[in-house]
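# Understanding the architecture of this molecule
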Amino acid sequence: MSGRTAEATLLGLGHMGRALARTLLDGGHDVAVWNRTPGRDAELVARGARRAADVRDAVLAAPIVVVCLYDHASVRATLDPVVDDLRGRAVVNLTTTTLAEARELAAWAAEHGVRYLDGAIMATPPLIGAADAAILYSGEEAVFLQARPLLDRWATSTFEGEDPGRASLLDLAMLSAMYTMFAGFLHGAAMAGAGGVDARSFARRAAPFLAAMTEFVALDAEAIDSGDYTAPVQSLDWSDLGHLVRASEEQGVDPAPIAMVEELRRRQVEAGHGADGFARIYEGLRRR
Ligand code: FVH
């Protein structure tokens, strides 16, 4: 690779890594790239990326090393052998990790004189560079500020604080909410399908309904933060979901998603909170 220093290096050219590199190159940035399996950089090199011969070559190419690998283990497997070369450089890790994994990586980085920023991508590869893409960051603010001209090419960049685990925490909490909602949609689609309604027709009705219901998220949050679960509309006693479980079973549809919600409701009722609102379920879920 040429002796000139690139602005950033990108380690990991999977679907997301390629989208990140492509967006930087299209924005006129000087980027070095590396991937474990050769051959995934062809399109990027054609756009002007510098091909690194190996991880060490890649790390030495730039002061900012962006990491977008499969998981925490692959990050450690890739960075451990070049830790001495990383000293004094900034690592921006966009690989999905848990809060504990992000903190562990930050501690590892600090121990070796590596500056560390953790990132959580709230977008799919085609959305990188688009207006509604968002990436959350936490860790060393100085790294966030240094890398910001690059970060802002990808998405709206938000710094969430110095705890390196914060971005991961928010990411996985939001994904938990999203996947549970999608499982609910799929269960509804299975019920509707068993009654002869195709999924597209169901989705046309469900999507605006679900969007309207998100208004209640803020009300639930108020109840949680204040600890006042007084039922604003309907109580847990009133919200018995047994009929939804029964309706699902009658149609031969696995009631697992709605049965799980009913179980959470029932536990609160049995604990004596039947007069409270639905948000009370939070108390049964939260860490003691
Ligand atoms: N794709 C998405 O929609 C999501 C959106 C939210 C954030 N995620 C996270 O981004 C990380 C990378 O995801 P990806 O979509 O690029 O994933 P893949 O296309 O599967 O590419 C994985 C890359 O990781 C490399 N890799 C895997 N194991 C190792 C290892 N032990 N050592 C070195 N590199 C490794 C793999 O290399 P190769 O298989 O081509 O050799 C790919 O470059 C991820 O954390 C998502 O949760 C994306």
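Residues numbered from 1 in each chain as written. Predicted model: local features only at pLDDT ≥ 70, side-chain atom pairs only at ≥ 80, totals over all residues. Heavy atoms only, no water.

## Overview of the layout of surface pockets
To find the voids left in a structure, one rolls a probe of water-molecule size over its atoms. Counted as a void, the second largest pocket has a volume near 880 Å³. Lining the second largest pocket are 31 residues, and of these Met16, Cys68, Leu69, Tyr70 and Thr96 sit closest to its centre. Of all the secondary-structure elements, those providing two or more residues to the lining of the second largest pocket are α1 (15-26), α4 (72-79), β6 (115-122) and α8 (166-194). If one sorts the elements of the lining of the second largest pocket by residue count, α8 sits on top with five residues. Taken together, the residues that form the lining of the second largest pocket break down as 16 nonpolar, eleven polar and four charged. A domain split of the lining of the second largest pocket shows at least three residues from each of domain 1 (8-162) and domain 2 (170-287). (1 Å grid on protein atoms, 1.4 Å probe; cavity = no way out; pocket = protein on both sides within 12 Å on 5 of 7 lines; lining within 4 Å. Points joined across faces, edges and corners; volume = space filled by probe spheres on them. Helix = DSSP H or I, 4+ residues; strand = E, 2+ residues; numbered from the N terminus. Nonpolar A, V, L, I, M, F, W, Y, C, P; charged D, E, K, R; others polar. Domains from an automatic or database assignment.)

## Focus on the sheet that holds strand β3 (residues 50-51)
A sheet is described by the order of its strands in space; here eight strands give the open sequence β3-β2-β1-β4-β5-β6-β7-β8, paired in mixed fashion. A strand with exactly one partner marks an edge of an open sheet, and here the two such strands are β3 and β8 (156-159). Summarising the sheet, strand β1 (residues 8-11) and strand β2 (residues 31-34) pair through four bridges and their orientation is parallel. If you follow Thr9 over to β2, its bridge partner there is Ala32. Strands in contact with helix α6 (residues 99-111) are β5 (90-93) and β6; relative to β6, the strand with the most contacts, it is inclined by about 155°. (Pairing = 2+ DSSP bridges. Contact = heavy atoms within 4.5 Å. Axes fitted to C-alpha atoms, helices over the stretch in contact; angles between N-to-C directions.)

## Some words on the environment of Gly88
The residue Gly88 is located in the loop between α5 (83-86) and β5 in this model. Sequence-distant contacts of Gly88, defined by excluding residues within four places in its chain, comprise Gly113, Val114 and Arg115.

## A look at the nonpolar core
The biggest cluster of nonpolar side chains holds 33 residues, and the ones touching the most others in it are Leu20, Val92, Leu94, Tyr137 and Trp154. Residues within four places of Leu94 in sequence aside, it is in contact with Leu20, Val66, Val67, Gly119, Ile121, Ile135, Tyr137 and Trp154. Ranked by size, the runner-up nonpolar core spans 21 residues in total, among them Ala52, Val67, Val82 and Tyr116. (Core = buried A, V, L, I, M, F, W, Y, C linked by side-chain atoms within 4.5 Å. Buried < 20%, exposed > 50% of the residue type's maximum accessible area, 1.4 Å probe, protein only.)

## A few points about the packing of helix α9 (residues 199-213) against helix α10 (residues 215-226)
A pair of packed helices can be characterised by two numbers: the angle between their axes and the separation between those axes. Orientation of α9 relative to α10, taken along the N-to-C sense of each, is 30°, at an axis distance of 4 Å. In terms of axis orientation, α9 runs roughly parallel to α10. Taken together, the residues of α10 that come into contact with α9 (itself represented by Ala211, Ala212 and Met213) are Glu215, Phe216 and Val217. Classifying every residue of the contact of α9 with α10 gives five nonpolar, no polar and one charged. (Parallel < 35°, antiparallel > 145°, perpendicular 65-115°, else oblique.)

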